[in-house]
Amino acid sequence: MITAVDTNILLDVFGADPKFAPASSEALRSCLREGALVASEVVWAETATVFGEGGRFRDAMDKLPATFSPMTEEAATKAAQAWRRYRAGGGRRDRIAADFLIGSHALVTADHLLTRDRGFYRRYFSGLRIIDPTA
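Going along each chain's sequence as written, the residues are numbered from 1 onward. Reporting of local features is limited, given that this is a predicted model, to residues whose pLDDT is at least 70; pairs of side-chain atoms are given and counted only at 80 or more, and all residues count toward the totals for whole chains, interfaces and linings. Side-chain calculation: all heavy atoms of the structure are included, whereas hydrogens and water are not.

Draft legend 1. Region of the structure containing the pairing of strand E2 (residues 36-40). Exposed residues in this analysis have more than 50% of their type's maximum accessible area, buried residues have under 20%, and partly exposed residues fall in between, with area computed by a 1.4 Å probe over protein chains only. Strands here mean DSSP runs of E at least two residues long; helices mean DSSP runs of H or I at least four residues long; both are numbered from the N terminus. Burial runs high along E2: four of the five residues are buried. Whether two strands pair depends on DSSP finding at least two bridges between them. Where strand E1 (residues 2-5) meets E2, three bridges bridge the pair, whose relative direction is parallel. When the bridges of E2 are listed, Thr3 appears paired with Leu37. Sheet topology places E2 next to strand E3 (residues 67-69); three bridges connect them, and they run parallel. The residue of E3 that forms the bridge with Ala39 is Phe68.

Draft legend 2. Looking closely at the nonpolar core. Throughout this description, the term nonpolar core refers to a set of buried Ala, Val, Leu, Ile, Met, Phe, Trp, Tyr and Cys residues connected via side-chain atoms within 4.5 Å. Formed by 36 residues in total, the largest nonpolar core has its most connected members in Val5, Met61, Phe100, Leu113, Leu114, Tyr121 and Phe125. Ranked by residues supplied to this core, first place goes to helix H6 (residues 97-109) with four residues. Once you skip the residues sitting within four places of it in the chain, Tyr121 turns out to touch Asp6, Asp99, Ile102, Gly103, Leu113, Thr115, Leu128 and Ile130. Only heavy atoms matter for contacts: two residues are in contact if any of them lie within 4.5 Å across the pair.

Draft legend 3. Structural detail: the pattern of salt bridges. Only one rule defines a salt bridge in this text: a Lys or Arg side-chain nitrogen within 4 Å of an Asp or Glu carboxyl oxygen. Counted under the stated rule, the structure contains four salt bridges. Here Asp12 ties to Arg116 by a salt bridge, and the two come within 2.8 Å at their closest N and O atoms. Taken as a pair, Asp12 in helix H1 (residues 7-14) and Arg116 in the loop between strand E4 (112-114) and helix H7 (118-124) lie far apart in primary sequence, 104 residues in all. For Asp12, a relative accessible area of 2% translates into the label buried. Glu26 is the partner of Arg29 in a salt bridge, and the nearest nitrogen-oxygen pair spans 3.2 Å. Of this pair, Arg29 and Glu26 both sit in helix H2 (residues 21-34), three residues apart, roughly one helical turn. You can call Glu26 partly exposed: its relative accessible area is 36%. Residues participating in the shared-partner salt-bridge network are Glu26, Arg29 and Arg33.

So, in structure tokens, the structure goes:
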């Protein structure tokens, strides 16, 4: 079983968010008991920004353990299609392309996505199984 993880879950845990860290940590442990944990390059980059310089970020990802999982051409194309549907339906630019890349990567690469942003992903990525630690 492969779990793609969203940035918000990693930031909950690495930032020790008092509201979300306990549930996100437990969800990560549960997913790891079932199989592998992967992070797309978008999630990797977004999460790494909070660590600053040095190897602290890589050490943290290794301790999870989470694997870097690059985008495929199929996933990038699905992201573009979802983005186009979103904009054609009147979607504003408050949803950035990165969200669509994360969703399409999970749809193509993993069995499910661990995220707190379930409504958005369910709407634009039907068939993607969502695990929300706050549900």
